[in-house]
Structures are given as C-alpha cells and as structure tokens.
Amino acid sequence: MKHIQKYQGKKVLVLGLGKSGYETAKLLYRLGAQVTVNDGKDVSQTEQYRELTEMGITIIGGHHPLSLLEHTTLIVKNPGIPYTLSLIEQAQTMNIPIITEVELAYEITESSILGITGTNGKTTVTSLIGDMFKAHEHAGLLCGNIGFVASKVAQNAGAHDTLVMELSSFQLMGIQEFRPHIALITNIYSAHLDYHGNQQNYIDAKMQITKNQTSEDYLIFNDKQRTLLQNYNIKSKVVYFSTDEKVEGAYIDQNKVYFYDEFIIDVKDIVLPGVHNLENVLASIAAAKLAGIDNIHICDTLKTFEGIKHRLQFVTEIDGVKYYNDSKATNTLATSFALDSFHQPTHWLAGGLDRGNGFEELDTHIDHVKHMYIFGETTEKLTAFAAQHHIPYTICKDVTDAVLKTASYVERGEVVLLSPACASWDQYPTYEVRGEHFISQVKLI
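On a predicted model such as this, the values are computed, not experimentally measured, just so you know. (Residues numbered from 1 in each chain as written. Predicted model: local features only at pLDDT ≥ 70, side-chain atom pairs only at ≥ 80, totals over all residues. Heavy atoms only, no water.)

Caption draft 1: A look at the overall build of the protein. The number of helices and strands found in the protein is 15 helices and 20 strands. A globule of 445 residues ought to have a C-alpha radius of gyration of about 22 Å, and the protein, at 23 Å, matches this closely. Taking all 445 residues of the protein together, the buried fraction comes to 57%. Pairs at least 24 apart in sequence give 64% of the contacts found in the protein among residues at least 6 apart. (Helix = DSSP H or I, 4+ residues; strand = E, 2+ residues; numbered from the N terminus. Rg over C-alpha atoms; globule rule 2.2 N^0.38 Å. Buried < 20%, exposed > 50% of the residue type's maximum accessible area, 1.4 Å probe, protein only. Contact = heavy atoms within 4.5 Å.)

Spelled out as structure tokens, the structure:
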C-alpha cells in the first residue's frame, strides 16, 4: 500500500455506510483525514457505527444536512446514491470533488489493475479470470462490484499482484485518475436508465474505464460493438473478441478458439453452458493472455469452470422438472440469453423493479415459454406482454409465491426458470437474496 499524504488533515465526507463506506472511512482515517460519515438511514444501532465512532469518526444518520458540506474538500460516495440527491447537487455547485472508493483503491495500490465492466457477463468474466490467475498461481485478487471492497483489498496487495476488479457504471462515474492497465468491456446495451437518465449517459459512464489509459495499456472490446469506439478518443491498444469472425484478438474458427492465430482450446472442451458465454470465454482468454497466464492454466480453468451462483445456476431436478436460478438477470438482454438456453417447455418467473423500459426485446425468445409467473413493480407491463403473445400467466406476490404456483402447471420434462429481467430492489435488497429465496422454496417442494 502506498502511504499517500494528500488526505492528511483534510475534511472528507463519506456518503453511505454500506460495506464500501465502512471500509472507506477506516482507510481515510488511517490516511490522516478528518472523516465524517453520512447515511440517509438511522445507523446508530449497527456494529459499524459503534466501531467507527470509537475511532473518533463522526457519523450522522437519518438525513443529509447541507451543513455537512462546510469546509469539506472531498466526498466519497456510495455508487448507488444518485447524483440527484440534494446534498450531491449542492456539492457540485460548490465544486467539491465527488469520487467513489475505487478511485481510492487506485491511489493507494502498488498493484496492476485489470478492470472489467459491461452490461452483461462482467461477473462471470471477473470470476473466470480470477480462476485463471489461481490456476497459474499468480496473485489475482478479486474486488470491486463482485463483493470485495476494492479499497480494502488494495491495502493488502503488493507490487506483484493484480487487482481483478469488477466495475459498475455507478462506480466508474466517480473516477478521476483511475487507470487500469487492462480494461475489458463485455458489451454495452440498455440498462440503468432510471439512474443515468438516457442511454448515452450510460455508455459514457461505461467508457470512463478507458479515459486515463495510455498507449501502454489495453482495452478488450466486443467486436460486435466496435463502432461505439468511434465516438471516443481511445489511446490504449484495442484487442477484440468475436464468436463470428477472425479479429485482432480472441476468436472462434471452426469450433476452435484462437488468440492472435494461436490455438487455445476446442469449443467442445469448454464446460461453461450457454452460447452467450462463448463471448465471456473469449474476453477472459484475451485478458489472461495479456496478463501473462499460460495456455495450460487457461485451458484447465475452462474445462472446469461451470459458472457463478445466480447466473443460469442449476438448482435441482424434481420429478423430471429442472429448476434454474438466473436471478442475476436484471435486464432483458440477460434474460434473452437465459431463455435461449432452453428448448423444452419453460415456466418463466419474471418481474421486479420498474426502470421504465419495456420487454419488446424478448419478443423473439419466448416461443417455448409455456407459462409466466409475474411479480413486482413490473407486473402490469409483464402481464400486458404475456397477453400480447398469448402466453398464460399467473400474478404472484413474490418469488416464493411464484415457485409455489408453478406446481399447478409444470409437467415432467419441463423447465422452471427464474430470470426476472428486472432489478430486485422493489422487493429484495439484492439479486442474491432474491435468488436464495428461489432456491430455498424449490428445496421445499
């Protein structure tokens, strides 16, 4: 860890006492800052509150008083807090810098950074790359949006380590000097429009991952979307991946995977299910090769890596019915991939937070859907979608209720698929909790 001096004696406001806010406050205190933590909820009964206040850190919960901005020189914001919050808007008019904690991680780390973002597939790719590092016995440390606070991991990482960092658009909006040596963008489609306001703002946020890169760095990018790069001043070397044609990077030719014409593995030896996951595999191979991982360890990983929890996760088979948990499908593109993974009659559980989008993108992916089980804020939109396509549907209270109601319709040889196509926050704190509710109820059948 670099012992930087820039925060010594400075008044810093940490906005949000979640996992990242808690770790950020401790790090800034260690760096000599005068730290105040603010959360919109009353957090006075939490263990984090007790520990931080014992350190001498001030915590104000329950509201966001504008007086907190007096003499504040920096705000480190929880990524999920919108910029429309009055406190943030006022801070912007006062020209107070606003960052997220991944910027802190960059400032203190001695390690190289491999940053992964994208609309879909970023968690799978991050996990896959992490396993490739483990197989090679390189120190690839998972962090960021994948669940391990980046600034905490960075404190214990050395010069020979690599931070394998999953990055959301929310996190990338709050960077200033952050510079990954290898940046990877899986794809960019429509998502989070409720937060970003429009698609262009969302794309701009994703492309922030490249903004400080130089000709010494790499950007791994989906060949299908290479035209997006025309709108940005990309200084790094661009390495593409494609399932359709030969490119300067990772590609498939006659069911064999290559990286710059070097044979890597036969497609039939890759165990990760789903045609869409071939793009994730190619992106991961490109990153691993650029990071210096040997082919034998890349192949060993691809022959054993079966996927991540809550992403097309096979739960169990009961009386000839297979149950799959795809709770991580928080948008229509992810759900289209899930639906395309099956051909047998499918009982589709869908619904959740209404972000203002429709479901038209799924029109060509539902021929085999036998019945829909609909829940959450998007119930009205999804029932209209089901009716338009003449799909029988049942309105449910939540995921648990949906699993119970499948019993009236499902038959041997069919599939029950939770793939909500929506975020979870209307009924569940995270997609993981939503997925666990599904798994728990299935196991009670």
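Caption draft 2: Here's a closer look at the pairing of strand E16 (residues 321–325). Among the 5 residues in E16, 4 count as buried, and that is most of the element. Inspection of the sheet shows strand E15 (residues 313–318) paired to E16 by 5 bridges, in the antiparallel sense. Each residue of the ladder has a partner; that of Gln313, found in E16, is Asn325. In textbook terms, the turn of a hairpin is the stretch between consecutive antiparallel strands, and for E15 and E16 this stretch comprises 2 residues, one of which, Asp319, has a positive phi near 50°. (Pairing = 2+ DSSP bridges.)

Caption draft 3: Fine view of the nonpolar core. Tyr7, Leu28, Val37 and Met165 are the most contacted members of the largest nonpolar core, which totals 53 residues. Sequence-distant contacts of Tyr7, that is, excluding residues within four places in its chain, are made with Val12, Leu28, Leu31, Gly32, Ala33, Leu74, Ile99, Leu104 and Glu107. Val239, Phe241, Val257 and Leu272 belong to the second largest nonpolar core, which has 36 residues in total. (Core = buried A, V, L, I, M, F, W, Y, C linked by side-chain atoms within 4.5 Å.)

Caption draft 4: Up close: the sheet that holds strand E20 (residues 415–418). Here 6 strands make up an open sheet; going across it, the order is E15-E16-E20-E17-E18-E19 and the pairing mixed. Lying at the two open borders of the sheet, with one neighbouring strand each, are E15 and strand E19 (393–395). Looking at each pair of strands side by side, their axes are set apart by 15° on average, direction ignored. (Axes fitted to C-alpha atoms, helices over the stretch in contact; angles between N-to-C directions.)

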